[in-house]
Amino acid sequence: MGEEATSQAKHVAIIMDGNGRWASAKGLPRAIGHQRGVEAVRKLVRDVGQMGIECLTLYAFSSENWKRPEEEVDDLMNLMRKFIKSDLPEFIANDVRLKIIGDWQGLAPDIVTMLEDALERTAGGKYILAVALNYGSQQEIAAAAARAAAAGEVTADTIAAHLYTADLPPLDLLVRTSGEVRLSNFLLWQSAYAEMVFVDTLWPDFTPDHLQQALDDFAQRERRYGGR
Ligand code: FPP
């Protein structure tokens, strides 16, 4: 593929980390940190179209997050319910198309119903907001490989065609907040040639300006895809 001049990232994914630390630094319960995390999501979704991004993928709940205390899992699920209910009209107004990646059919039946409704009602949107729910990348790759095998041909292309992200643009940029430098089972396959930006900002403090900085950083990088 060789060198490619980069400018605009089309597909950006974010590992939204640091809600808990944000809350404890302020002596607040973790639930408040997650609430403020949702506020940060809301602001970003409003601006995404103006930033030239076609697809924003957010890691909202991993398949490992079930190991958290039941109360925290309940808080996160309730935030999800509230967020879909309150923000669906805004998604539609902002031309946002919701997509869910992960084993989301395994969530509570009322959430599944709400999500199905939201998917249907935003189906005409231009900008994709892909939310990862009950998502694990290794599980995704294993399932995709199994499906490719069942169809008779296991190659990088046939596996990719069975990933949740098969219909999304290739991942350009992966951002993680809170100073942690790891992928935590998120988009492992899709990150093969993605640029990565790790910022110290805790997720509730992350603003559209921070995302713009990451996009500017991305625009400066020279992507080689293994060539020179
Ligand atoms: C990481 O912070 C964040 C999460 C596990 C969940 C991310 C969820 C949200 C931002 C809110 C829900 C999202 C939507 C789209 C409704 P952490 O708890 O791991 O923070 P810590 O590492 O500081 O403890």
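See the structure printed just above.
Since this is a predicted model, take the numbers as computed values, not measurements.

### As for the sheet that holds strand β1 (residues 11–15)
Here comes step 1: One open sheet accounts for 6 strands, arranged β3-β4-β2-β1-β5-β6; its pairing is parallel. Either end of the sheet is taken by a strand with one partner, and the two such strands are β3 (96–101) and β6 (195–198). The average angle at which neighbouring strand axes cross in this sheet is 20 degrees, direction not considered.
Here comes step 2: Two strands pair when backbone bridges link them, and strand β5 (residues 173–176) and β6 are joined in this way by 4 bridges, in the parallel orientation. Bridge assignment links V175 to a residue of β6, and that residue is V197.
Here comes step 3: The strands touched by helix α3 (residues 70–93) are β2 (55–62), β3 and β4 (127–135); relative to β2, the strand with the most contacts, the crossing angle is about 155 degrees.

### Some points on the pattern of salt bridges
Here comes step 1: Overall, the coordinates contain 15 salt bridges when judged by the stated rule.
Here comes step 2: Among the ionic pairs, R21 bridges to D17, the shortest N-O distance being 3.3 Å.
Here comes step 3: Residue classification places R21 among the partly exposed residues on the basis of a relative accessible area of 33%.
Here comes step 4: For the salt bridge of E90 with R46, the shortest nitrogen-to-oxygen distance reads 2.4 Å. Separated by 44 residues along the polypeptide, E90 in helix α3 and R46 in helix α2 (residues 30–47) bring together distant segments of the chain.
Here comes step 5: Its relative accessible area of 25% is what places E90 among the partly exposed residues.
Here comes step 6: The partly exposed category is assigned to R46, whose relative accessible area is 39%.

### Examining the side chain of T122
Here comes step 1: Among the structural elements, T122 can be located in the loop between α4 (109–121) and β4.
Here comes step 2: What T122 contacts, discounting residues up to four positions off in sequence, is L88, F91, I92, V96, R97 and L98.

### Quick look at the pairing of β1
Here comes step 1: Among the 5 residues in β1, 5 count as buried, and that is most of the element.
Here comes step 2: Covered by surrounding structure in β1 are H11, A13 and I15 together with V12 and I14, the residues of both alternating faces.
Here comes step 3: Both β1 and β2 contribute to a ladder of 5 bridges, which runs parallel. Counterpart to A13 in the pairing with β2 is T57.

### What about the site of the ligand?
Here comes step 1: Taken together, 16 residues form the shell around the ligand, and within it M16, G20, R21, R30 and R68 come nearest.
Here comes step 2: R21 has a polar backbone atom sitting 2.7 Å from an oxygen atom of the ligand.
Here comes step 3: In the environment of the ligand, an oxygen atom lies 2.8 Å from a nitrogen or oxygen atom belonging to the side chain of R68.
Here comes step 4: The fraction of the free accessible surface of the ligand (620 Å²) that becomes covered by protein chains is 92%.
Here comes step 5: For the shell around the ligand, the secondary structure elements donating two or more residues are α1 (19–25), α2 and α3.
Here comes step 6: The greatest single-element share of the shell around the ligand, amounting to 4 residues, is contributed by α2.

Criteria and cut-off values
Residues numbered from 1 in each chain as written. Predicted model: local features only at pLDDT ≥ 70, side-chain atom pairs only at ≥ 80, totals over all residues. Heavy atoms only, no water. Pairing = 2+ DSSP bridges. Helix = DSSP H or I, 4+ residues; strand = E, 2+ residues; numbered from the N terminus. Axes fitted to C-alpha atoms, helices over the stretch in contact; angles between N-to-C directions. Contact = heavy atoms within 4.5 Å. Salt bridge = Lys/Arg side-chain N within 4 Å of Asp/Glu carboxyl O. Buried < 20%, exposed > 50% of the residue type's maximum accessible area, 1.4 Å probe, protein only. Near = heavy atom within 4 Å. Polar contact = N/O pair within 3.5 Å; in protein donor to acceptor, adjacent residues only side chain to side chain. Areas by Shrake-Rupley, 256 points an atom, 1.4 Å probe, with all protein chains shown as cover.

Just geometry here; none of it tells us what the structure is for.
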